[in-house]
Amino acid sequence: MADQKHDGPPATTETIASDDRLRDVVIVGAGLAGASAAFHLTQAGADVLVLEKDEPSSGASGIGYGMVNPMMARKARPVWEVRNALHVLDLMGPPLQTSKGLWRPAGSVDQATLFQKAAEEHPDVGRWHGPETTERALPWLPAPWGALEVIEGRSLHIPSVVTHWTRGIELQSNRAIASWDEHDGIVTARCQNGQLFRTRKLLLCMGTALTTHPETSDLNLHVIKGQVARFKKPSGLPTILPPVSGHGYLVDAGDGSCWVGSTFEHTWTEEGPTAAGTEELRSKAANLASGFEQAELLDMKVGFRVTVPGSRKPMLGPISKKGNVWVFSGLGAKGLLFSAYLGSQIPTLFNKPEAIPEAFRVVRRSANP
Ligand SMILES: Cc1cc2nc3c(=O)[nH]c(=O)nc-3n(C[C@H](O)[C@H](O)[C@H](O)COP(=O)(O)OP(=O)(O)OC[C@H]3O[C@@H](n4cnc5c(N)ncnc54)[C@H](O)[C@@H]3O)c2cc1C
(Lines give C-alpha, C1' and ligand atoms only; values in the text may rest on other atoms or scores of the structure.)
Protein backbone atom coordinates (compact mmCIF):
# COMPACT_ATOMS: atom_id res chain seq x y z
CA MET A 1 0.00 0.00 0.00
CA ALA A 2 1.07 3.58 -0.58
CA ASP A 3 1.96 5.95 2.25
CA GLN A 4 -0.80 7.32 4.43
CA LYS A 5 -2.38 10.45 3.02
CA HIS A 6 -3.09 13.28 5.45
CA ASP A 7 -5.05 15.56 3.16
CA GLY A 8 -6.35 17.99 5.72
CA PRO A 9 -4.90 21.45 5.36
CA PRO A 10 -3.66 23.09 8.56
CA ALA A 11 -6.43 24.69 10.63
CA THR A 12 -5.16 28.19 9.79
CA THR A 13 -5.74 27.75 6.03
CA GLU A 14 -9.06 25.91 6.50
CA THR A 15 -11.37 25.89 3.50
CA ILE A 16 -15.04 25.02 3.67
CA ALA A 17 -15.34 23.63 0.14
CA SER A 18 -17.55 20.55 0.36
CA ASP A 19 -16.41 17.21 -0.91
CA ASP A 20 -18.98 16.11 -3.52
CA ARG A 21 -17.69 12.58 -3.97
CA LEU A 22 -20.14 10.01 -2.67
CA ARG A 23 -18.14 7.64 -0.44
CA ASP A 24 -19.20 4.11 0.47
CA VAL A 25 -18.20 4.73 4.07
CA VAL A 26 -17.11 7.80 6.00
CA ILE A 27 -15.54 6.87 9.35
CA VAL A 28 -15.49 9.49 12.10
CA GLY A 29 -12.50 9.11 14.43
CA ALA A 30 -9.03 7.68 13.83
CA GLY A 31 -8.42 5.56 16.92
CA LEU A 32 -8.28 1.76 17.06
CA ALA A 33 -11.99 1.37 16.21
CA GLY A 34 -11.94 3.69 13.19
CA ALA A 35 -8.59 2.37 11.96
CA SER A 36 -9.61 -1.28 12.13
CA ALA A 37 -12.95 -0.58 10.42
CA ALA A 38 -11.13 1.40 7.71
CA PHE A 39 -8.64 -1.43 7.21
CA HIS A 40 -11.25 -4.15 6.81
CA LEU A 41 -13.71 -2.11 4.74
CA THR A 42 -10.93 -1.08 2.35
CA GLN A 43 -9.82 -4.70 2.05
CA ALA A 44 -13.42 -5.58 1.20
CA GLY A 45 -13.30 -3.06 -1.68
CA ALA A 46 -15.18 -0.11 -0.13
CA ASP A 47 -14.31 3.51 -0.92
CA VAL A 48 -13.48 4.75 2.60
CA LEU A 49 -12.68 8.19 4.01
CA VAL A 50 -11.58 8.67 7.64
CA LEU A 51 -12.25 12.05 9.25
CA GLU A 52 -10.41 12.90 12.45
CA LYS A 53 -11.08 15.87 14.73
CA ASP A 54 -7.41 16.35 15.64
CA GLU A 55 -4.70 13.91 14.59
CA PRO A 56 -4.93 10.09 14.51
CA SER A 57 -4.72 8.54 18.01
CA SER A 58 -5.80 11.72 19.76
CA GLY A 59 -8.09 9.83 22.12
CA ALA A 60 -7.61 6.67 24.22
CA SER A 61 -5.51 5.16 21.42
CA GLY A 62 -2.85 7.79 22.15
CA ILE A 63 -2.11 6.19 25.53
CA GLY A 64 0.99 4.48 24.14
CA TYR A 65 1.70 0.82 24.78
CA GLY A 66 -1.12 -1.68 25.23
CA MET A 67 -1.18 -5.34 26.05
CA VAL A 68 -2.72 -8.04 23.96
CA ASN A 69 -3.59 -10.42 26.75
CA PRO A 70 -5.65 -13.40 25.60
CA MET A 71 -5.99 -14.72 29.19
CA MET A 72 -7.23 -11.82 31.27
CA ALA A 73 -8.92 -11.41 34.63
CA ARG A 74 -8.51 -13.36 37.86
CA LYS A 75 -9.19 -16.79 36.40
CA ALA A 76 -7.23 -16.23 33.18
CA ARG A 77 -10.12 -17.53 31.12
CA PRO A 78 -9.60 -16.88 27.38
CA VAL A 79 -11.10 -13.61 26.18
CA TRP A 80 -14.22 -13.84 23.96
CA GLU A 81 -13.36 -15.15 20.45
CA VAL A 82 -9.70 -14.91 21.35
CA ARG A 83 -8.33 -17.35 18.80
CA ASN A 84 -10.15 -15.62 15.94
CA ALA A 85 -9.12 -12.21 17.27
CA LEU A 86 -5.44 -13.24 17.46
CA HIS A 87 -5.65 -14.69 13.96
CA VAL A 88 -7.10 -11.43 12.59
CA LEU A 89 -4.54 -9.35 14.51
CA ASP A 90 -1.71 -11.41 12.99
CA LEU A 91 -3.19 -10.99 9.50
CA MET A 92 -3.48 -7.23 9.99
CA GLY A 93 0.22 -7.28 10.81
CA PRO A 94 0.85 -4.50 13.32
CA PRO A 95 4.63 -4.50 13.87
CA LEU A 96 5.68 -6.47 16.95
CA GLN A 97 7.87 -4.56 19.37
CA THR A 98 9.25 -7.74 20.92
CA SER A 99 8.66 -11.43 20.37
CA LYS A 100 5.35 -12.87 21.53
CA GLY A 101 4.85 -14.01 25.12
CA LEU A 102 3.51 -12.29 28.23
CA TRP A 103 3.79 -13.24 31.89
CA ARG A 104 1.16 -13.26 34.61
CA PRO A 105 2.55 -13.90 38.11
CA ALA A 106 -0.08 -15.54 40.33
CA GLY A 107 -1.16 -13.29 43.20
CA SER A 108 -1.97 -16.09 45.67
CA VAL A 109 -2.07 -19.86 46.08
CA ASP A 110 -5.69 -19.82 44.92
CA GLN A 111 -4.86 -17.87 41.80
CA ALA A 112 -1.97 -20.24 41.07
CA THR A 113 -4.49 -23.10 41.07
CA LEU A 114 -6.78 -21.17 38.73
CA PHE A 115 -3.92 -20.31 36.37
CA GLN A 116 -2.71 -23.90 36.33
CA LYS A 117 -6.23 -25.09 35.45
CA ALA A 118 -6.53 -22.46 32.68
CA ALA A 119 -3.20 -23.58 31.21
CA GLU A 120 -4.26 -27.25 31.29
CA GLU A 121 -7.55 -26.44 29.56
CA HIS A 122 -6.03 -24.09 26.96
CA PRO A 123 -2.50 -25.32 26.30
CA ASP A 124 -2.36 -23.44 22.98
CA VAL A 125 -2.59 -20.06 24.76
CA GLY A 126 -1.20 -20.63 28.27
CA ARG A 127 1.66 -22.55 29.90
CA TRP A 128 2.02 -22.86 33.68
CA HIS A 129 5.40 -22.51 35.46
CA GLY A 130 5.83 -23.30 39.15
CA PRO A 131 7.74 -20.93 41.48
CA GLU A 132 11.17 -22.58 41.04
CA THR A 133 10.96 -22.78 37.26
CA THR A 134 9.78 -19.18 37.07
CA GLU A 135 12.58 -17.97 39.30
CA ARG A 136 15.18 -19.80 37.24
CA ALA A 137 13.83 -18.39 33.95
CA LEU A 138 12.91 -14.88 35.14
CA PRO A 139 14.72 -14.07 38.42
CA TRP A 140 13.47 -10.46 38.32
CA LEU A 141 9.78 -11.49 38.30
CA PRO A 142 8.23 -11.53 41.80
CA ALA A 143 6.28 -14.80 41.49
CA PRO A 144 6.34 -16.73 44.81
CA TRP A 145 3.33 -18.83 43.67
CA GLY A 146 4.46 -19.34 40.07
CA ALA A 147 3.41 -17.66 36.83
CA LEU A 148 1.34 -18.20 33.72
CA GLU A 149 3.13 -17.72 30.41
CA VAL A 150 0.56 -16.40 27.96
CA ILE A 151 2.05 -17.72 24.76
CA GLU A 152 0.25 -15.47 22.29
CA GLY A 153 0.36 -12.38 24.52
CA ARG A 154 2.28 -9.33 23.38
CA SER A 155 2.53 -5.58 23.78
CA LEU A 156 1.97 -3.14 20.95
CA HIS A 157 2.46 0.60 20.57
CA ILE A 158 -1.17 1.57 19.90
CA PRO A 159 -0.56 4.78 17.88
CA SER A 160 1.79 2.77 15.60
CA VAL A 161 -0.97 0.19 15.15
CA VAL A 162 -3.41 2.96 14.13
CA THR A 163 -0.87 4.32 11.62
CA HIS A 164 -0.24 0.84 10.26
CA TRP A 165 -3.93 0.00 9.84
CA THR A 166 -4.75 3.30 8.08
CA ARG A 167 -1.71 3.31 5.77
CA GLY A 168 -2.79 4.05 2.21
CA ILE A 169 -6.35 4.96 3.30
CA GLU A 170 -7.65 8.50 2.74
CA LEU A 171 -7.59 10.23 6.13
CA GLN A 172 -8.25 13.90 6.78
CA SER A 173 -7.10 15.38 10.08
CA ASN A 174 -8.57 18.51 11.70
CA ARG A 175 -12.06 17.54 10.55
CA ALA A 176 -14.49 17.51 13.48
CA ILE A 177 -17.88 16.13 12.48
CA ALA A 178 -20.60 18.12 14.20
CA SER A 179 -23.84 16.67 12.76
CA TRP A 180 -25.36 14.45 10.09
CA ASP A 181 -28.58 14.04 8.04
CA GLU A 182 -29.91 11.03 6.23
CA HIS A 183 -32.04 11.29 3.06
CA ASP A 184 -32.80 8.73 0.34
CA GLY A 185 -30.10 6.34 1.50
CA ILE A 186 -27.39 9.03 1.57
CA VAL A 187 -25.89 10.44 4.75
CA THR A 188 -24.49 13.97 4.70
CA ALA A 189 -21.97 14.65 7.45
CA ARG A 190 -21.25 18.24 8.39
CA CYS A 191 -17.88 19.34 9.72
CA GLN A 192 -17.52 22.07 12.34
CA ASN A 193 -15.97 24.22 9.57
CA GLY A 194 -19.13 23.82 7.44
CA GLN A 195 -17.62 21.33 5.01
CA LEU A 196 -20.01 18.55 3.90
CA PHE A 197 -19.22 14.92 3.11
CA ARG A 198 -21.66 12.50 1.40
CA THR A 199 -21.63 8.81 2.10
CA ARG A 200 -23.74 5.66 1.95
CA LYS A 201 -22.75 4.71 5.50
CA LEU A 202 -21.45 6.90 8.32
CA LEU A 203 -19.55 4.98 11.01
CA LEU A 204 -19.05 6.85 14.29
CA CYS A 205 -15.87 5.77 16.10
CA MET A 206 -15.51 8.92 18.20
CA GLY A 207 -14.57 7.40 21.56
CA THR A 208 -15.55 9.55 24.54
CA ALA A 209 -17.09 12.22 22.24
CA LEU A 210 -20.00 9.80 21.75
CA THR A 211 -20.96 10.31 25.38
CA THR A 212 -21.47 14.07 24.90
CA HIS A 213 -22.81 14.40 21.34
CA PRO A 214 -26.59 15.11 21.48
CA GLU A 215 -27.38 12.25 19.03
CA THR A 216 -25.38 9.64 20.94
CA SER A 217 -25.15 10.81 24.54
CA ASP A 218 -27.80 8.32 25.69
CA LEU A 219 -25.97 5.29 24.32
CA ASN A 220 -25.15 2.89 27.14
CA LEU A 221 -21.50 3.92 27.31
CA HIS A 222 -19.40 4.72 30.37
CA VAL A 223 -16.03 6.49 30.53
CA ILE A 224 -13.16 5.33 32.76
CA LYS A 225 -10.08 7.45 33.33
CA GLY A 226 -6.75 5.62 33.22
CA GLN A 227 -3.32 6.92 34.11
CA VAL A 228 -0.01 5.40 33.00
CA ALA A 229 3.55 6.32 34.03
CA ARG A 230 6.99 5.80 32.52
CA PHE A 231 9.81 4.92 34.91
CA LYS A 232 13.53 4.59 34.30
CA LYS A 233 14.32 0.88 34.22
CA PRO A 234 16.21 -0.11 37.39
CA SER A 235 19.73 -1.46 36.85
CA GLY A 236 20.24 -5.21 36.85
CA LEU A 237 17.18 -6.01 34.74
CA PRO A 238 17.51 -7.69 31.32
CA THR A 239 17.92 -5.44 28.25
CA ILE A 240 14.34 -6.15 27.19
CA LEU A 241 11.70 -7.40 29.62
CA PRO A 242 8.74 -9.35 28.27
CA PRO A 243 5.40 -7.70 29.07
CA VAL A 244 4.02 -8.56 32.52
CA SER A 245 0.42 -8.35 33.64
CA GLY A 246 -0.90 -8.58 37.19
CA HIS A 247 -2.55 -5.80 39.19
CA GLY A 248 -1.52 -3.49 36.37
CA TYR A 249 0.88 -4.08 33.54
CA LEU A 250 4.46 -3.31 32.67
CA VAL A 251 5.82 -2.83 29.16
CA ASP A 252 9.47 -2.31 28.27
CA ALA A 253 9.73 0.65 25.89
CA GLY A 254 13.12 -0.59 24.69
CA ASP A 255 14.84 2.73 25.49
CA GLY A 256 15.86 2.09 29.09
CA SER A 257 12.37 2.88 30.41
CA CYS A 258 9.18 0.96 31.15
CA TRP A 259 5.57 2.08 30.93
CA VAL A 260 3.33 0.97 33.78
CA GLY A 261 -0.45 0.98 33.65
CA SER A 262 -3.01 1.60 34.68
CA THR A 263 -5.34 3.21 37.14
CA PHE A 264 -9.12 2.69 36.75
CA GLU A 265 -11.02 5.79 37.88
CA HIS A 266 -14.80 5.81 37.45
CA THR A 267 -15.04 9.36 38.82
CA TRP A 268 -12.37 12.04 38.94
CA THR A 269 -11.89 15.70 39.75
CA GLU A 270 -8.68 16.22 37.77
CA GLU A 271 -8.53 15.49 34.04
CA GLY A 272 -4.74 15.13 34.04
CA PRO A 273 -2.30 12.78 35.82
CA THR A 274 -2.17 12.94 39.62
CA ALA A 275 0.57 12.25 42.17
CA ALA A 276 -1.68 9.65 43.84
CA GLY A 277 -2.09 7.88 40.49
CA THR A 278 1.68 7.82 40.01
CA GLU A 279 2.30 6.32 43.45
CA GLU A 280 -0.32 3.66 42.78
CA LEU A 281 1.49 2.82 39.53
CA ARG A 282 4.89 2.72 41.22
CA SER A 283 3.59 0.18 43.69
CA LYS A 284 2.02 -1.85 40.85
CA ALA A 285 5.36 -1.79 39.02
CA ALA A 286 7.19 -3.06 42.10
CA ASN A 287 4.91 -6.11 42.13
CA LEU A 288 5.61 -6.82 38.47
CA ALA A 289 9.41 -6.52 38.35
CA SER A 290 12.04 -6.08 41.05
CA GLY A 291 13.66 -2.71 41.70
CA PHE A 292 10.83 -0.32 40.79
CA GLU A 293 10.19 0.89 44.38
CA GLN A 294 12.66 3.77 43.93
CA ALA A 295 12.61 4.04 40.13
CA GLU A 296 12.87 7.53 38.63
CA LEU A 297 9.61 8.85 37.18
CA LEU A 298 10.09 10.05 33.57
CA ASP A 299 6.62 10.74 32.22
CA MET A 300 2.87 10.40 32.90
CA LYS A 301 -0.22 10.31 30.68
CA VAL A 302 -3.94 9.79 31.00
CA GLY A 303 -6.49 8.30 28.64
CA PHE A 304 -10.22 7.76 28.79
CA ARG A 305 -11.58 4.34 27.87
CA VAL A 306 -15.20 3.86 26.80
CA THR A 307 -16.90 0.73 28.10
CA VAL A 308 -20.37 -0.77 27.94
CA PRO A 309 -21.61 -1.23 31.52
CA GLY A 310 -22.89 -4.73 32.17
CA SER A 311 -21.76 -6.58 29.06
CA ARG A 312 -18.18 -5.18 28.98
CA LYS A 313 -18.36 -6.05 25.27
CA PRO A 314 -18.04 -3.44 22.53
CA MET A 315 -21.04 -1.76 20.94
CA LEU A 316 -21.62 -2.04 17.19
CA GLY A 317 -24.65 -1.32 15.08
CA PRO A 318 -26.96 1.19 13.42
CA ILE A 319 -28.22 4.11 15.50
CA SER A 320 -30.39 5.93 12.95
CA LYS A 321 -33.94 4.99 11.93
CA LYS A 322 -32.91 4.45 8.31
CA GLY A 323 -29.96 2.34 9.38
CA ASN A 324 -27.09 4.12 7.62
CA VAL A 325 -25.49 5.79 10.63
CA TRP A 326 -23.59 3.25 12.72
CA VAL A 327 -21.57 3.33 15.91
CA PHE A 328 -18.51 1.25 16.85
CA SER A 329 -17.21 1.86 20.37
CA GLY A 330 -16.99 0.46 23.91
CA LEU A 331 -13.69 -1.36 23.33
CA GLY A 332 -12.80 -0.86 27.01
CA ALA A 333 -9.46 -2.28 28.13
CA LYS A 334 -9.34 -4.84 25.30
CA GLY A 335 -9.04 -2.28 22.51
CA LEU A 336 -6.51 -4.19 20.44
CA LEU A 337 -8.25 -7.58 20.41
CA PHE A 338 -11.80 -6.24 20.13
CA SER A 339 -11.06 -3.63 17.45
CA ALA A 340 -9.24 -6.18 15.30
CA TYR A 341 -11.89 -8.87 15.53
CA LEU A 342 -15.11 -6.83 15.40
CA GLY A 343 -13.62 -4.54 12.75
CA SER A 344 -13.16 -7.62 10.56
CA GLN A 345 -16.89 -8.36 10.89
CA ILE A 346 -18.07 -4.89 9.82
CA PRO A 347 -18.03 -5.41 6.01
CA THR A 348 -20.41 -8.38 6.45
CA LEU A 349 -22.53 -6.87 9.22
CA PHE A 350 -23.12 -3.61 7.29
CA ASN A 351 -25.23 -5.68 4.89
CA LYS A 352 -26.68 -7.95 7.55
CA PRO A 353 -27.26 -5.97 10.75
CA GLU A 354 -29.61 -8.66 12.05
CA ALA A 355 -26.53 -10.91 12.38
CA ILE A 356 -24.90 -8.63 14.97
CA PRO A 357 -24.57 -10.79 18.10
CA GLU A 358 -27.02 -9.75 20.82
CA ALA A 359 -24.16 -8.89 23.20
CA PHE A 360 -22.87 -6.14 20.90
CA ARG A 361 -26.11 -4.48 19.87
CA VAL A 362 -26.66 -0.79 20.40
CA VAL A 363 -28.41 -0.07 23.69
CA ARG A 364 -29.74 3.37 24.60
CA ARG A 365 -30.15 4.21 28.26
CA SER A 366 -33.52 5.81 27.48
CA ALA A 367 -34.71 2.35 26.36
CA ASN A 368 -33.96 0.94 29.83
CA PRO A 369 -35.26 3.49 32.33
C1 LIG B 1 -4.80 3.91 30.42
C2 LIG B 1 -5.29 2.99 29.34
C3 LIG B 1 -4.67 1.76 29.17
C4 LIG B 1 -5.11 0.90 28.17
N5 LIG B 1 -4.49 -0.30 28.02
C6 LIG B 1 -4.87 -1.13 27.03
C7 LIG B 1 -4.20 -2.36 26.82
O8 LIG B 1 -3.25 -2.70 27.53
N9 LIG B 1 -4.64 -3.17 25.81
C10 LIG B 1 -5.69 -2.83 25.01
O11 LIG B 1 -6.02 -3.60 24.11
N12 LIG B 1 -6.36 -1.66 25.20
C13 LIG B 1 -5.96 -0.82 26.19
N14 LIG B 1 -6.63 0.35 26.40
C15 LIG B 1 -7.87 0.57 25.66
C16 LIG B 1 -7.67 1.15 24.29
O17 LIG B 1 -6.71 2.18 24.35
C18 LIG B 1 -9.03 1.68 23.82
O19 LIG B 1 -10.02 0.67 23.93
C20 LIG B 1 -8.99 2.13 22.38
O21 LIG B 1 -7.86 2.92 22.14
C22 LIG B 1 -10.26 2.89 22.02
O23 LIG B 1 -10.22 3.20 20.66
P24 LIG B 1 -11.40 4.03 19.97
O25 LIG B 1 -11.04 4.14 18.54
O26 LIG B 1 -12.71 3.45 20.32
O27 LIG B 1 -11.38 5.46 20.69
P28 LIG B 1 -10.29 6.63 20.64
O29 LIG B 1 -8.93 6.10 20.57
O30 LIG B 1 -10.63 7.53 21.77
O31 LIG B 1 -10.57 7.36 19.26
C32 LIG B 1 -11.60 8.26 19.02
C33 LIG B 1 -11.12 9.26 18.00
O34 LIG B 1 -12.24 10.02 17.54
C35 LIG B 1 -11.83 11.35 17.37
N36 LIG B 1 -13.05 12.20 17.40
C37 LIG B 1 -13.82 12.50 18.47
N38 LIG B 1 -14.85 13.29 18.11
C39 LIG B 1 -14.73 13.49 16.78
C40 LIG B 1 -15.49 14.23 15.83
N41 LIG B 1 -16.57 14.93 16.18
N42 LIG B 1 -15.08 14.26 14.54
C43 LIG B 1 -13.97 13.56 14.16
N44 LIG B 1 -13.21 12.83 15.03
C45 LIG B 1 -13.59 12.80 16.32
C46 LIG B 1 -10.89 11.59 18.55
O47 LIG B 1 -10.06 12.72 18.33
C48 LIG B 1 -10.12 10.27 18.58
O49 LIG B 1 -8.96 10.30 17.79
C50 LIG B 1 -6.19 1.25 27.36
C51 LIG B 1 -6.80 2.49 27.52
C52 LIG B 1 -6.36 3.38 28.49
C53 LIG B 1 -7.01 4.71 28.65
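Look up a bit, the structure's there.
Residues numbered from 1 in each chain as written. Predicted model: local features only at pLDDT ≥ 70, side-chain atom pairs only at ≥ 80, totals over all residues. Heavy atoms only, no water.

## Describing the packing of aromatic side chains
Our working rule: Only rings of Phe, Tyr and Trp enter the pairing, Trp through its six-membered ring, and a pair is recorded when the two centres are within 6.5 Å. The plane angle decides the type: under 30 degrees is stacked, over 60 is edge-to-face, the rest tilted. By definition, any uninterrupted DSSP run of H or I lasting at least four residues is a helix, any uninterrupted run of E lasting at least two residues is a strand, and each is numbered from the N terminus. Note on classification: 1.4 Å probe, protein chains only; a residue is buried when its accessible area is under 20% of the maximum for its type, exposed when over 50%, partly exposed between these limits. By the criterion adopted, a ring carries a charge over it if an Arg CZ or a Lys NZ lies within 6 Å of its centre and within 35 degrees of its normal.
Here the structure, examined in full by the defined rule, presents six aromatic pairs. Relative to Phe-304, the ring of Trp-268 lies with its centre 5.3 Å away and its plane at 50°, an arrangement referred to as tilted. Remark: Phe-304 occurs in strand β19 (residues 297–307) and Trp-268 occurs in the loop between β18 (257–261) and α6 (275–288); sequence separation between them is 36 residues. The exposure class assigned to Trp-268 is partly exposed, which follows from its relative accessible area of 27%. An aromatic cluster is built from Trp-80, Phe-338, Tyr-341 and Phe-360, whose rings are joined through pairwise contacts. It is Lys-201 that lies over the ring of Phe-350; its NZ or CZ is 5.6 Å from the centre. For the cation-ring pair, Arg-305 lies above Phe-264, with the distance from its terminal atom to the ring centre recorded as 4.1 Å.

## So, the pairing of strand β7 (residues 102–105)
Operational definition: Here, a strand pair is defined by DSSP locating no fewer than two bridges between the strands.
The alternating pattern of β7 places Leu-102 and Arg-104 on one face and Trp-103 and Pro-105 on the opposite face, and all of these are buried. Pairing analysis gives four bridges linking β7 to strand β9 (residues 147–150), with the strands arranged antiparallel. When the sheet's bridge partners are listed, Trp-103 is paired in β9 with Glu-149.

## Quick look at the packing of helix α1 (residues 32–43) against helix α7 (residues 335–351)
Heads up, the condition is: In this description, a line fitted to the C-alpha atoms serves as the axis of each element, helices being fitted only across the stretch in contact, and the angle between N-to-C directions of two axes falls anywhere from 0 to 180 degrees. Put simply, angles under 35 degrees are roughly parallel, angles over 145 are roughly antiparallel, angles from 65 to 115 are roughly perpendicular, and the rest are oblique. If you view the pair so one helix is near and one far, a crossing is left-handed when the near helix is turned anticlockwise from the far one by less than a right angle, and right-handed when it is turned clockwise. By definition in these notes, contact holds between two residues if any of their heavy atoms fall within 4.5 Å. Asp, Glu, Lys and Arg are counted as charged, while Ala, Val, Leu, Ile, Met, Phe, Trp, Tyr, Cys and Pro are counted as nonpolar; the rest, among them Gly, fall into the polar class.
Interaxial distance between α1 and α7 falls to 8 Å at its minimum, and their mutual angle equals 45°. In terms of axis orientation, α1 runs oblique to α7. Taken as a pair, α1 and α7 cross one another with a handedness that is right-handed. Contacts between α1 and α7 involve Leu-32, Ala-33, Ser-36, Ala-37, His-40 and Leu-41 from the former and Gly-335, Leu-336, Ser-339, Ala-340, Gly-343, Ser-344, Ile-346, Pro-347 and Phe-350 from the latter. The class makeup of the residues in the contact of α1 with α7 is nine nonpolar, six polar and no charged.

## What about the site of the ligand?
As a reminder of what qualifies: A cutoff of 4 Å decides nearness: a residue is near a molecule or strand if any of its heavy atoms lies inside that distance of it. Pairing of N or O atoms within 3.5 Å defines a polar contact, subject to two protein rules: one partner must be a possible hydrogen donor and the other a possible acceptor, and residues neighboring in sequence count only if both atoms are side-chain atoms.
Taken together, 37 residues sit near the ligand, with Glu-52, Ser-61, Met-67, Gly-332 and Leu-336 positioned nearest. A distance of 3.4 Å separates an oxygen atom of the ligand from a polar backbone atom of Ser-58. Residue Ala-60 places a main-chain N or O atom 3.0 Å away from an oxygen atom belonging to the ligand. Listing elements by their share of the shell around the ligand, those giving two or more residues are α1, β4 (65–68), β15 (222–232), β19 and α7. Ranked by residues supplied to the shell around the ligand, first place goes to β19 with three residues.

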